[in-house]
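Coordinate analysis (summary)
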Amino acid sequence: LIETFPSLSGDQRQRCAYYLATLYNGLPLQYRLRILRFFLSSRFITVRRRSYQKARADWDDSYQALIKQAWRDHSDPECAVVIVERFEVEYLVEHLDALISGLSETWQIAQLFLRVGQQDSAIVSRLAEIDEISFVYVRAKLGLSLSKEQAIEILERNVTDPRVGLLIWAYGQMRLVSVLRY
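It is worth spelling out the packing of helix H8 (residues 106–117) against helix H10 (residues 132–141) at this point. In contact at an axis separation of 10 Å, H8 and H10 are set at 35° when each is read in the N-to-C sense. Both H8 and H10 take part in a crossing whose hand is right-handed. From H8, Thr-106, Ala-110, Phe-113 and Leu-114 reach across to H10, where they touch Ser-134, Tyr-137, Val-138 and Lys-141. Residues belonging to the contact of H8 with H10 are distributed by class as follows: five nonpolar, two polar and one charged.

Have a look at this one:
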């Protein structure tokens, strides 16, 4: 299937990628690596997405080099998610700016900062510039608090945000319930 892929039409390529993805789960690691390498080197994002999905669901440390290369080659948001979930914190810190740029959702960025914040809580302050609600959430999850004044300012700026419930939850975790009476 892999050898015939380049000569196939668009519909046939999609079916071929589907068949390879279906076979993937039952194959030994050496064949899964071959399929991942093939998918990750594709110029088609839909094919690469299959590999990110497989890597997330069935992680093996031998995938790391392939994922790093795919990140260098394509910088797909789905690749950034795999990196955030599976790579060592040191790698995340080293590539923090690129990962922030590569992630497409604020919850993904929050997940990144949760991971790096476990090693260096000071780095979490960068998240406040990106998204204050995520910043407060990550601080709460890491067991860090805010000053009452800072909490009030953040609440005032974000009171109409649809995620205000998350902010209220985080304040509860931080024992800042008095801020909500403000």
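Here we take up the pattern of salt bridges. The tally for this structure, following the rule as stated, stands at nine salt bridges. With a closest N to O distance of 2.7 Å, Asp-131 and Arg-163 form a salt bridge. With a gap of 32 residues between them, Asp-131 in the loop between helix H9 (125–130) and H10 and Arg-163 in the loop between helix H11 (148–158) and helix H12 (164–173) connect regions that are remote in the sequence. One salt-bridge network, held together by shared partners, links Asp-131, Asp-161 and Arg-163.

Nonpolar side chains collect at one region of the surface, where Leu-1, Tyr-18, Tyr-19 and Leu-23 lie side by side and expose about 420 Å² of accessible area between them. With respect to the helices and strands, Tyr-18 occurs in helix H1 (residues 10–24). According to the relative accessible area criterion, Tyr-18 is partly exposed, its value standing at 47%.

The biggest cluster of nonpolar side chains holds 63 residues, and the ones touching the most others in it are Ile-67, Ile-83, Leu-112, Val-136, Leu-146 and Tyr-171. Leave out the neighbours within four places in its chain, and Leu-112 touches Val-84, Leu-92, Leu-96, Leu-99, Ile-100 and Leu-103.

This part takes up the packing of H10 against H11. Where H10 contacts H11, the two axes come as close as 10 Å, and the packing angle between them is 140°. As judged from the angle between their axes, H10 and H11 are oblique. The hand of the H10/H11 crossing is left-handed. Where H10 approaches H11, its residues Glu-132, Ile-133, Phe-135 and Val-136 are matched on the opposing element by Gln-150, Ile-154, Arg-157 and Asn-158. In the contact of H10 with H11, the residues fall into four nonpolar, two polar and two charged.

Here is what the cut-offs are and how they apply
- Residues numbered from 1 in each chain as written.
- Predicted model: local features only at pLDDT ≥ 70, side-chain atom pairs only at ≥ 80, totals over all residues.
- Heavy atoms only, no water.
- Axes fitted to C-alpha atoms, helices over the stretch in contact; angles between N-to-C directions.
- Helix = DSSP H or I, 4+ residues; strand = E, 2+ residues; numbered from the N terminus.
- Left-handed = near helix turned anticlockwise from the far one by under 90°.
- Contact = heavy atoms within 4.5 Å.
- Nonpolar A, V, L, I, M, F, W, Y, C, P; charged D, E, K, R; others polar.
- Salt bridge = Lys/Arg side-chain N within 4 Å of Asp/Glu carboxyl O.
- Patch = residues over 30% accessible without salt bridge, like charges linked within 9 Å, V, L, I, M, F, W, Y side chains within 5 Å.
- Areas by Shrake-Rupley, 256 points an atom, 1.4 Å probe, with all protein chains shown as cover.
- Buried < 20%, exposed > 50% of the residue type's maximum accessible area, 1.4 Å probe, protein only.
- Core = buried A, V, L, I, M, F, W, Y, C linked by side-chain atoms within 4.5 Å.
- Parallel < 35°, antiparallel > 145°, perpendicular 65-115°, else oblique.

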